[in-house]
Structure formats: structure tokens, C-alpha cells
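Reading the structure
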Amino acid sequence: MPQRTYAVVGLGAIGLGMAQSLLRAGLNTIGCNRGPGPLKIFAGNGGRTTHDAAEAAKVADVFFLAVVNAAQVEDVLFGRGQAARALKPGSLVIDCVTVKPAFAREMERRLAELGLLYLDAPVSGGPAQSAAGQLSIMASGGPEAFAGAETGLKAVAAVVHRLGNEAGKGSAMKVVNQLLAGTHIAVAAEAMALGLRMGLAAEDVYAVITSAAANSWMFETRMKHVLSGDYTPLSAVDIFVKDLGIVSETTREQAMPAPLAAAALQQFVAAQARGLGREADAAVIKTFPGIELPSKE
């Protein structure tokens, strides 16, 4: 039986690590990205590369999507990329992008009309977890989709949560996750800003909180950016404007108040309005007045 071919479209902070993990697991993998930088890295590690999503789709049995948003998923599959038409019948699309549940259900339906399988599989974890093949995946889809995804998911994830037999449940869980993640980042920045405003050293705030009951994974990871004064994006402010926007739309559709998520969204929007959209999401701390942040050495 010939070896299956895996494609990863979108070699960003998460997608590149996923492609590397597939390659490290001995799987025949092709990486696709518009920009040349990640392609050079992936090729340097022995991976096949292309700029063309349809070219990747023609040879792929399993087609991972690790692009930025729903618009890019649509564009890769049915727009300029035309990947859906290029995929062989029976091939599997694994969508790892944060999208609305309704969008995931629509993708499943449209791809099924072309004889293709779809797994709704958003991820949690940063670049380090992705590079190590230790992502957490919130997945939903049919049994055939899960069966086809098993080997690839084992290579990229530490844990795969099976949340249902149809698309949408995975994305619904990611909405819950992003509500917490975005709110945690915003409140971590607020707490650090308050400490600075009261004259505490950033290093002391960090040391105390990371050893106290109020610590969170987001405080621990994001406030490192503040201590170093380095806001190089791994996850950018723009990402949380998008993701908390999805949270806001979803809670409104569910007729459910979400005041804390709404407040966090406004902080990220304020950061974006100040031109910080492409900085690390921890740059939301720069929206707080009257504080002096550590500078990059």
C-alpha cells in the first residue's frame, strides 16, 4: 500500500510546527505557504514545498489547514487556491483554524458534495507545543474522518478530544477556549499594569503571581513579553481581535451575556487602534496609561 501524503497549508507559528512534526514522524509531507521564509525552513529539514495550494492538494491524501481565519480557509479551498477541486475524492481536509461553528458545518457540507471528508479540528497551544508535536486538538466529525486523521493527529498532538460526530462541536469548544484565553491575557495585562502603576517592579509582580494562587498559563507566558520588552508576535493582537470577535458573535447568537469577554475584546481593539495589531498579544498592556514598561535590552 503506497504511503499517504500529508499537506499543511499555512506555515505560520503553528502550521510550521505541525508540518515539522508530521515530517519527524516519518510521514510524507508537503508544506504550502505564500511567503518564502517558512518554506525555506521546511525544505531545509527535508520537506517538500510549494506556493500553490492546488498543487499540494493534488498529491495530498490528508490536507491540513493552518491559515489565519475563515476567509483564508474559503480562499484556499474554493477561491484562488481551488484546493477542493484538486483533492482526490475520499481525501480528508483537517481544518485547524479558529472559525465559527456554523462555518465548520458549512465546510463539511460543501466538501461532502465533492466526495471529500472534513474534520473540524481547531488547536490550542503555542509555537513551542506545535514544534514538539504536543498540541491539544478539539475535534469533531464523522467516524471515517477520524479514522483517516488518526496517524496525522498522533504526530501533531499530545491529546485529541473527540467532541462529536459532525463538524461544529470542535469549533464550539474552541470558542469557549478563546473566551477564556483572551480574557486571561487582558486581565493579566491589567494586573501587571496596576502593579507597575503602584510602583512595583515588573519582575517582582511576575515572581509573586507565578508562585501564587492567582497565576494562570496566560499570565506566565504573556507577561514574559512584558519583562523582556520583546513584543515579537507568536500570537498577535490581531488574532485576539478576530477570536474574541467570534466569541462576541457566538454569544450574541446564543442570546447569552458575556460581559468579561466583551471588555477583553475592547482592550484588544484599543491596542489594534494604536497600531499594535501585529505585535504579540501581550502588547494589550500598552493600552493602560501612566505606566513605564520594561524596555528591550
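Here, the structure is the one placed above.
Let me sum up the structure you'll find in this document. (Residues numbered from 1 in each chain as written. Predicted model: local features only at pLDDT ≥ 70, side-chain atom pairs only at ≥ 80, totals over all residues. Heavy atoms only, no water.)

**Details of the overall build of the protein chain**
Heads up, the rule is: Labels follow the DSSP assignment, with helices taken as runs of H or I lasting at least four residues and strands as runs of E lasting at least two, numbered in each case from the N terminus. For a compact globule the rule gives 2.2 Å times the number of residues to the power 0.38, and the radius of gyration it is set against comes from C-alpha atoms. Partly exposed describes any residue whose relative accessible area lies between the buried limit of under 20% and the exposed limit of over 50%, with all areas from a 1.4 Å probe on protein chains only and scaled to the type maximum. Here a residue-residue contact requires only that any non-hydrogen atoms of the pair lie within 4.5 Å. His is not counted, nor are the chain ends; Lys and Arg add positive charge and Asp and Glu add negative charge. Charged side chains are reduced to one point each, which is NZ for Lys, CZ for Arg, CG for Asp and CD for Glu.
Across its full length, the protein chain holds 13 helices and nine strands. Its C-alpha atoms give the protein chain a radius of gyration of 20 Å, near enough to 19 Å, the size a compact globule of 297 residues would have. When each of the 297 residues of the protein chain is scored for burial, the buried share is 51%. The long-range fraction of contacts in the protein chain, counting pairs at least 24 apart against all pairs at least 6 apart in sequence, stands at 65%. Between the mean site of the 26 positive side-chain charges and the mean site of the 26 negative ones, the protein chain shows a separation of 4 Å.

**Some remarks on a nonpolar patch on the surface**
Cut-off, in case you're wondering: A patch consists of residues exposed above 30% relative accessible area that lack any salt bridge, with like charges linked at up to 9 Å and nonpolar side chains (Val, Leu, Ile, Met, Phe, Trp, Tyr) linked at up to 5 Å. Each accessible area is a Shrake-Rupley result for a 1.4 Å probe, and residues are judged covered by the shown protein chains and nothing else. By definition here, a salt bridge exists when the distance from a side-chain nitrogen of Lys or Arg to a carboxyl oxygen of Asp or Glu is within 4 Å.
A cluster of nonpolar side chains, Met173, Val176 and Leu180, forms an exposed patch at the surface whose accessible area comes to about 260 Å². Examined against the element boundaries, Met173 turns out to sit in helix H9 (residues 169-197).

**Quick word on helix H8 (residues 143-156)**
Cut-off, in case you're wondering: The length a helix should cover is 1.5 Å for every residue beyond the first. By definition, a residue's bend is the angle between the axes fitted to the seven residues ending there and the seven starting there.
The terminal C-alpha atoms of H8 lie 19 Å apart, and with 14 residues this matches the ideal 20 Å at 1.5 Å per residue to within 8%. A maximum bend of about 55° is found in H8 at Glu150. Regarding H8, the residues found buried are Ala145, Phe146, Gly148, Ala149, Gly152, Leu153, Ala155 and Val156.

**Quick look at helix H10 (residues 202-209)**
Inclusion rule: The arc refers to the directions leading from the helix axis to the C-beta atoms.
Every buried residue of H10 is listed here: Ala202, Val205 and Tyr206. One face of H10 carries all of its buried residues, which in axial projection span an arc of 95°. Where H10 is buried, its residues meet H9 and helix H11 (217-228).

**Remarks on the pattern of salt bridges**
In this structure the tally under the stated criterion is 12 salt bridges. Between Glu279 and Lys286 there is a salt bridge; the shortest N-O distance is 2.7 Å. Owing to a relative accessible area of 23%, Glu279 belongs among the partly exposed residues under this scheme. Here Lys286 falls in the partly exposed class, since its relative accessible area comes to 26%. One network of salt bridges, in which partners are shared, links Arg34, Asp75 and Arg80.

**Notes on the pairing of strand E9 (residues 157-162)**
Our working rule: Should DSSP find at least two bridges between two strands, the strands are regarded as paired. Call a crossover right-handed when, viewed with both strands pointing away from you, the route from the first strand across the helix to the second goes clockwise.
Relative to E9, strand E8 (residues 135-139) runs parallel, the two being bridged by five bridges. Its bridge partner being in E9, Leu135 is matched across the sheet by Ala157. Following the backbone out of E8, through H8 and into the adjacent parallel E9, one traces a crossover that is right-handed.

**Digging into the sheet that holds E8**
Rules: Lines fitted to the C-alpha atoms define the axes, with helices restricted to the stretch that makes contact. Angles between their N-to-C directions range from 0 to 180 degrees.
Read across the sheet, three strands follow the order E7-E8-E9 without closing on themselves; strand pairing throughout is mixed. With one partner strand each, in any of the chains shown, strand E7 (123-124) and E9 form the two edges of the open sheet. Relative to E8, E7 is paired through two bridges, and the arrangement is antiparallel. Among the inter-strand pairings, Val123 is bridged to a residue of E8, identified as Ile137. Sheet strands touched by H8: E8 and E9. Its angle to E9, the strand with the most contacts, is close to 150°.

**What to know about the nonpolar core**
Inclusion rule: Here the nonpolar core consists of buried residues drawn from Ala, Val, Leu, Ile, Met, Phe, Trp, Tyr and Cys, with membership extended through side-chain atoms lying within 4.5 Å.
Counting 37 residues, the largest nonpolar core has Met192, Phe219, Met223, Tyr231, Leu244, Phe268 and Ile285 as its most contacted members. Elements that contribute at least two residues to this core include exactly H9, H10, H11, helix H12 (237-253) and helix H13 (259-276). Of the residues forming this core, the biggest block, nine residues, is contributed by H9. For Phe219, the residues in contact, after removing those within four places along its chain, are Ala188, Met192, Val205, Tyr206, Ile209 and Thr210. Listed in part, the 31 residues of the second largest apolar core include Leu16, Phe42, Leu92 and Ile94.

**As for the packing of helix H4 (residues 70-78) against helix H6 (residues 101-112)**
Operational definition: To sort the angles, those under 35 degrees are grouped as roughly parallel, those over 145 as roughly antiparallel, those from 65 to 115 as roughly perpendicular, and the leftovers as oblique. Gly falls in the polar group here, along with every residue not listed as nonpolar (Ala, Val, Leu, Ile, Met, Phe, Trp, Tyr, Cys, Pro) or charged (Asp, Glu, Lys, Arg).
Put simply, H4 and H6 touch, their axes get as near as 12 Å, and they point 5° apart. Taken together, the axes of H4 and H6 lie roughly parallel to each other. Judged by residue contacts, Ala70, Val73, Glu74, Leu77 and Phe78 of H4 engage Phe103, Met107, Arg110 and Leu111 from H6. Looking at the contact of H4 with H6 residue by residue, the class counts come to seven nonpolar, no polar and two charged.

**What to know about the side chain of Asp243**
Threshold: N or O atoms closer than or at 3.5 Å make up a polar contact, with two conditions inside protein: a donor-capable atom paired with an acceptor-capable one, and, for residues adjacent in sequence, both atoms drawn from side chains.
Position of Asp243 relative to the elements: it lies in helix H12. Polar contacts involving the side chain of Asp243 include one to the side chain of Gln178, which spans 2.7 Å.

**A short note on unusual backbone geometry**
Positive phi, close to 55°, is recorded for Gln82, a residue that is not glycine. Relative to the elements of secondary structure, Gln82 occurs in the loop between H4 and helix H5 (83-86). The class of Gln82 is partly exposed, set by a relative accessible area of 35%. Although it is not a glycine, Ala255 adopts a positive phi angle of roughly 55°. In this structure Ala255 comes out as exposed when scored by relative accessible area, which is 71%.

Everything listed is a geometric property; what it means functionally is a separate question.
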